[in-house]
Amino acid sequence: MAKKEALRELQSRLAERLQAARTEARTANWLAVESAGHGFLLPLSDAGEIFPFSAHAPVPHTAHWFLGVANLRGGLHGVVDLAGFLGFRNTAASVAPSENVRDQARLVAFNPMLEINCALLVERLAGLRGKEQLQLEPDESRDKPGFVGGLYRDGQGRKWQELSLGALASDEAFLKIVG
């Protein structure tokens, strides 16, 4: 009898939590990162685990922005320099970054549900951002890749570009790592 009551109590608590999750407004929609002086917003639903920038094995004959592969929690992941891929810098600086940059640099893995073993090298994590903290800016660029979303401005005037990791994971240029 006690087991049935405990089960009912557990089910009741779970139902309450589910209802609360449905009704509560989510405050954080994006992971804010910085790379090559630019701010980017990565949807939390697309982002996976975050790792310190560590040793990676270079892969010959690949694009300059593909840094190589790294063992992240026992899984082999391709490591992509985000700023290098987007054309904001020559990636040579990111392969051997200064000690200060290396301390703050992180690898942001893609969500496993996207079915791509990849992690983006970013120079710094800038925290979580919600829509209530940002104002959508008018979009002036007409020709932009499908993975580039809206442009936002925060309260301090800083611009943040939204990037969809889901769309990036299927982008032809991103998948073509052969150099």
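Criteria and thresholds
- Residues numbered from 1 in each chain as written.
- Predicted model: local features only at pLDDT ≥ 70, side-chain atom pairs only at ≥ 80, totals over all residues.
- Heavy atoms only, no water.
- Salt bridge = Lys/Arg side-chain N within 4 Å of Asp/Glu carboxyl O.
- Helix = DSSP H or I, 4+ residues; strand = E, 2+ residues; numbered from the N terminus.
- Core = buried A, V, L, I, M, F, W, Y, C linked by side-chain atoms within 4.5 Å.
- Buried < 20%, exposed > 50% of the residue type's maximum accessible area, 1.4 Å probe, protein only.

1. Concerning the pattern of salt bridges
- Across all of its chains, the model carries four salt bridges by this definition.
- Between Arg73 and Glu49 there is a salt bridge, with its nearest N and O atoms 2.6 Å apart. Highlighted residues: Arg73 in the loop between strand 4 (66–72) and strand 5 (75–81) and Glu49 in strand 3 (residues 47–52), separated in sequence by 24 residues.
- Between Glu137 and Arg153 there is a salt bridge; the shortest N-O distance is 3.3 Å. Of this pair, Glu137 sits in the loop between strand 9 (134–136) and strand 10 (148–154) while Arg153 is found in strand 10, placing the two residues 16 residues apart along the sequence.
- A single network of salt bridges, built from pairs that share partners, joins Glu34, Arg124 and Arg158.

2. Brief notes about the nonpolar core
- Judged by nonpolar contacts, the single largest core of 24 residues is most densely connected at Val80, Phe110, Leu120, Leu168 and Phe174.
- If you list the elements that add at least two residues to this core, you get strand 1 (30–35), strand 2 (38–43), helix 2 (82–85), strand 6 (106–110), strand 7 (118–122) and helix 5 (165–168).
- At three residues, strand 7 tops the list of elements feeding residues into this core.
- Residues Phe51, Phe53, Ala70 and Ala105 belong to the second largest nonpolar core, which totals 11 residues.

3. As for unusual backbone geometry
- Residues other than glycine seldom take positive phi values, yet Ala36 does so here, at roughly 55 degrees.
- With respect to the helices and strands, Ala36 occurs in the loop between strand 1 and strand 2.
- For Ala36, a relative accessible area of 25% corresponds to the partly exposed category.
- Here the phi dihedral of His61 falls at roughly 60 degrees; this positive angle occurs in a residue that is not glycine.
- If you trace the backbone, His61 turns up in the loop between strand 3 and strand 4.

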